[in-house]
Structure formats: structure tokens, C-alpha cells
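# An overview of the molecular structure
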Amino acid sequence: MTLPALAETAGLLAATGKGLLAMDESTGTCNRRFAAAGIAQTLAMRHAYRELLLTAPGLGECISGVILVDETVRQAQADGTPFVQIAQEAGLLVGIKVDTGAQDLAAHPGEKITEGLDGLRERLQGYAALGARFAKWRGVFAVDGRRLPSPACIDANAHALARYAALCQEAGLVPIVEPEVLMDGAHTQQRCQQVTEAVLRGVFAQLARQDVRLEALILKPNMVIAGLACPTQHSDAEVAEATLQCLRRVVPAAVPGIMFLSGGQSGRDASMRLNALHQRPGSPWPLSFSFARALQHPALDIWAGQDANRAAAQAALVHRARCNRAALSGEYDTAMETR
Ligand code: 13P
């Protein structure tokens, strides 16, 4: 795949006024969410839920691509139609999460390193043959007031993200590069900004070192938000301002799109902040969303594992997608929530 072809795919993902549905929870994470919603944690239920998401009527009006997970990418619905084909027919580009999860970083208590580079070249070729056009790898960074994340954690995860991104481009897949500064903790918004800048600087240095082509990747960062337990929380306008200031300082203009993760924000908060980001002029990049929780909730709770609730759950998913699509043109209004 040539660089222009990869750059075109990146543009289709990020620059068409739509966003991504991340439905790539690992089995462990999916089961935890099912347990919290009182849903049986079985392969059959995960299959049913992912089929519900992928077949939601109207999803393709607001969503440009879906991020699947290895368990899902070879599955098919009852009539034998592969999930990949369902996505493609709905106008959705297919992506795949290819990291194998975050493990404890040796000698650094409380910190994680994302693994999955071994055998990645072959796995990427397999996913490309199945129809995937892009991939995702998430590095996570715990924050505290002063010590975390360590330079070791930033370096190790930035290196892994860059090695992954280079392999993706070699395999003809657009890499989504996702360094997530976590919202857990009582750190201030200023601390989140400081850490996010340091992490992104580390990531872009490593991307350059590994000769990753910036025109053919998507950045998936966190917004700059105070920790969930911080007593001082900021307005949507302040979140947008800090987020844009942070990104402008460190993200090269060559990057064709930035698609935010939701990170545990409520669906409504994520939409409000995305909207605030689009009410400020002059972003060098298309800014969009690549949400899991902020799109899937409350659909998961509404479904509750019951077939009878399927249509209502799909409607809730598409509603959140529409709210976020409206936010991409600065036209989201909480009044949309009551319509
Ligand atoms: P959230 O939107 O729930 O943070 O998930 C995004 C994602 O893809 C995590 O890797």
C-alpha cells in the first residue's frame, strides 16, 4: 500500500465529519462491563452484543469506522454473513485492536507497558487479508501529582507505539496511535496537560525515530481534564482550550486527524467537550471521536442481555453517535438529549 493510499484511508476515518466506534474491549474488559450490567459473561453474549452494535440501523451516517477485537473479526451473524462484511456494507471501515494488553512495567510500581509486538507483522498481514484497513494500539499512563508517569514508562510505551505504527504502515494498515493519560486520581487539569504534553512529545520523537509517516496515522489522545477525584473541575470551554493548547504545542500539522478517546467521561460530557473543541477556530487537524464507553453507554445497560431490548439499545447507540456527529460541527446541544 502506498503512502497516498494510506493517507486517503486516514482521511476517510477522520476527516468526513464522522467518528469511530471502538468496540474492541478485551474479553476481560467486556466481561467486567457485562458483570456490572448484570449480563452473563459468555462468548454467546459477547457475540450477540457485538452483532447488535454492528447492525444498528443508521450507524454509518455518523460513524466512519469500527474498531474490532480478535474475537470479533472472524465472527459472523446467524445467517453466515461475516461481521467484517456487515460493517463494510454499512459503509464502515474495519479496524482491529492489535495490542495484547497492558502488563505491569517491571521496577515501576503502578505503571504499565503495553505488549503485543512479538509476531505482530504476521498478525497484521492476517487482519489485512480479512479486510481490516486500520489498527489500534493503546499505551496507558497513570498520573499522580508529581512522580508518575516515569520517564521509563513514557519511553517504553512510546517506543512500542512507534514500532507498532511502523509495522502497520508496512502491512498497509493505518495505525491509530493511542497514548492514554488516565483520568483516575486527584491530579489537576494543569498536571494532566503537563503529562499529556510530555507523553506526546515522547511518542512523536519515537515515531520520527522509527520513520513512521505522519501523513498516514491517526492520533487518539485523551482530552486534557482534571483527574476524576480532583475537587476542581473545569468548564467545557476550559477543557477545549487546554486540550488544543497542549496538542498545538506537540502534534505536527502533518498528522491527518486527531480522534479523541472518551476515557471514562459520561456520554454527555464527552459530547459537550467535543462540541467546545469545535467552537474554537483554527485547529490544524480535523478533530473527531473514537469512543467506546461514551458511545456504548447507555446502550449496554438498555440491552441488559435481553433480545427484546435490542432495538432500543441500538437506538441509544445511534443517538450518542448523532450527538457526537453534531458536536463535530459545533452544533451539539443538550436539548438533543431530550428529543
Ligand atoms: P473509551 O472511549 O471508553 O476511553 O475507549 C476508547 C478506546 O478505544 C480505549 O482503547
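So, here's what we can say about the structure. Not measured: the values here are computed from a predicted model.

### Digging into the environment of G17
- Within the secondary structure, G17 is located in the loop between α1 (3-14) and β1 (19-22).
- G17 sits in the partly exposed class, given a relative accessible area of 30%.
- What G17 contacts, discounting residues up to four positions off in sequence, is R325 and L328.

### Quick word on empty space enclosed by the protein
- In total, this model carries one cavity of 30 Å³ or more according to the counting rule given.
- Every residue along the wall of the largest cavity is listed here: E25, C30, R33, F34, Y49, R293, Q296, H297 and L300.
- Among the elements of the structure, α2 (27-36) and α11 (293-296) are those that each provide at least two residues to the lining of the largest cavity.
- The element contributing the most residues to the lining of the largest cavity is α2, with three residues.
- Counted by class, the lining of the largest cavity contains four nonpolar, two polar and three charged residues.

### Details of the packing of helix α6 (residues 120-130) against helix α7 (residues 151-171)
- At their nearest, the axes of α6 and α7 sit 9 Å apart, and the two run at 45 degrees to each other. As summarised for this structure, α6 and α7 are arranged oblique, according to the angle between their axes. You can see that α6 and α7 cross each other, and the crossing is right-handed. In this structure, α6 contributes L120, R121, L124 and A128 to the contact, and α7 contributes Y164, L167, C168, E170 and A171.

### Overview of the nonpolar core
- Y164, L207 and V251 are the most contacted members of the largest nonpolar core, which totals 114 residues.
- Looking at this core element by element, the count peaks at ten residues for α7.
- In this structure Y164 touches V98, L117, L120, A135, K136, W137, P175, I176 and V177, once residues within four positions along its chain are discounted.

### Re the site of the ligand
- Near the ligand the following residues occur: A22, D24, K136, R138, E178, K220, S262, G263, S290, F291, A292 and R293.
- At a separation of 3.1 Å, an oxygen atom of the ligand approaches a polar side-chain atom of E178.
- In the complex, the protein chains occlude 93% of the 300 Å² of accessible area that the ligand would expose alone.
- In this structure the site holding the ligand corresponds to the largest pocket.
- For the shell around the ligand, the secondary structure elements donating two or more residues are β6 (134-141) and β10 (287-291).
- In the shell around the ligand, the residues fall into three nonpolar, three polar and six charged.

Reading the values: rules and limits
- Residues numbered from 1 in each chain as written.
- Predicted model: local features only at pLDDT ≥ 70, side-chain atom pairs only at ≥ 80, totals over all residues.
- Heavy atoms only, no water.
- Helix = DSSP H or I, 4+ residues; strand = E, 2+ residues; numbered from the N terminus.
- Buried < 20%, exposed > 50% of the residue type's maximum accessible area, 1.4 Å probe, protein only.
- Contact = heavy atoms within 4.5 Å.
- 1 Å grid on protein atoms, 1.4 Å probe; cavity = no way out; pocket = protein on both sides within 12 Å on 5 of 7 lines; lining within 4 Å.
- Points joined across faces, edges and corners; volume = space filled by probe spheres on them.
- Nonpolar A, V, L, I, M, F, W, Y, C, P; charged D, E, K, R; others polar.
- Axes fitted to C-alpha atoms, helices over the stretch in contact; angles between N-to-C directions.
- Parallel < 35°, antiparallel > 145°, perpendicular 65-115°, else oblique.
- Left-handed = near helix turned anticlockwise from the far one by under 90°.
- Core = buried A, V, L, I, M, F, W, Y, C linked by side-chain atoms within 4.5 Å.
- Near = heavy atom within 4 Å.
- Polar contact = N/O pair within 3.5 Å; in protein donor to acceptor, adjacent residues only side chain to side chain.
- Areas by Shrake-Rupley, 256 points an atom, 1.4 Å probe, with all protein chains shown as cover.
- Sits in = over half its atoms within 2 Å of the grid points.

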